[in-house]
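# Working through the structure, step by step
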Amino acid sequence: MKLSSFCSVLTQHVISNRLHIAFFIGSLVFLFSAAVQAQQPFYTDNADVTDKKKFHLQISNEFDILQRSAYPSLRQNTTVFELDYGLLDGVEIGVDGPLIAISNSRVTTPRTPFGFGDLDFHVKYNFLKEREGSRRPALAATFSVELPTGDTKKQLGSGLVDYFLNGILQKSITRKTTLRLNGGILFAGSTATGEIGIKSRGTVFVGGGSLVKQFTPKLDLGVEITGAVTRSLELSRGQMQTQFGGNYQFTKKMSFDFGVVAGKFASPRLGLQLGISVDF
């Protein structure tokens, strides 16, 4: 079956507004091809990049219950497609875009806005690799530009061009446990994806950290905390969320990714994320 057919089936179930949509999508993702070095489901990025002249595909779906402050919007379903390419040794370029469905209260029209959100392009440079026996961590940086391709009238796009620079530190605590820290600045634009994120325009400081442990040769589990705050440092207008999740490796080039999200302020109140990752 073609990818377009899967998207059509996915759309029909999203619009039905059933809470079990995320579990249904979880069964669908097994039908796609998938990848091994994905940082999914975590938002904290890793220092690794796609190998030179290789592709890396990520498909994830997150079903979120929104904060009460988002009313009349109640729930959001976001499917993100990301494709990365190893341009040079240590250099990766990529593009990603979300397919968004928002469930609103009956008092609002349209009841279920649906469509593509803003398109993002990035370049990532891993300029220092971690070496066994060395105290130095792996270091990388990502610069991304997000274009306002989403329909602002349907709340699917921010209507702004975003410029974001992110620094990445990665260090192996033990042979099976890895710590990752991120710190970045959104110079202009907003962090909003649909009804999730900071919608006000301006400088935003973003940070996060994850700790992931390999429990078996196929199973990794970890926890992370991420947050964002505007230049005015008003916490109530920022983001804060935690996630527990991991990856199950089916093959050397295929993993199933899963996570449970809980957040405050402009983050989702509760969410479930399922996805796949592929190297080819």
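Description of the structure in this document. Computed from a predicted structure; not experimentally measured. Counting starts from 1 at the beginning of each chain's written sequence and moves along it residue by residue. Totals for whole chains, interfaces and linings use all residues, but because this is a predicted model, local features are given only for residues with pLDDT of at least 70 and pairs of side-chain atoms are given and counted only at 80 or more. Note: side-chain values were computed over all heavy atoms of the structure, leaving out hydrogens and water.

The working definition used for a salt bridge is a side-chain nitrogen of Lys or Arg within 4 Å of a carboxyl oxygen of Asp or Glu. This structure, assessed with the given rule, holds four salt bridges. For Glu130, the salt bridge identified is with Lys171, shortest N-O distance 3.4 Å. Taken together, the residues span a long stretch of sequence, with Glu130 in the loop between strand 5 (119–128) and strand 6 (138–147) and Lys171 in strand 7 (residues 162–172) at a distance of 41 residues. Partly exposed describes any residue whose relative accessible area lies between the buried limit of under 20% and the exposed limit of over 50%, with all areas from a 1.4 Å probe on protein chains only and scaled to the type maximum. In this structure Lys171 comes out as buried when scored by relative accessible area, which is 18%. Across the pair Arg175 and Glu132 runs a salt bridge whose closest N-O atoms are separated by 3.5 Å. Linking Arg175 in the loop between strand 7 and strand 8 (177–188) with Glu132 in the loop between strand 5 and strand 6, this pair joins segments that are 43 residues apart in sequence. For helices the rule is a DSSP run of H or I covering at least 4 residues; for strands it is a run of E covering at least 2, with both sets numbered from the N terminus onward.

Attention now moves to the pairing of strand 5. One requirement defines pairing of two strands: DSSP has to find at least two bridges between them. Two strands pair when backbone bridges link them, and strand 3 (residues 91–104) and strand 5 are joined in this way by six bridges, in the antiparallel orientation. For Val91, the partnering residue across the bridge sits in strand 5 and is Tyr125. Where strand 5 and strand 6 come together, nine bridges link them in antiparallel fashion. Opposite Lys124, over in strand 6, you have Thr142 as the bridge partner.

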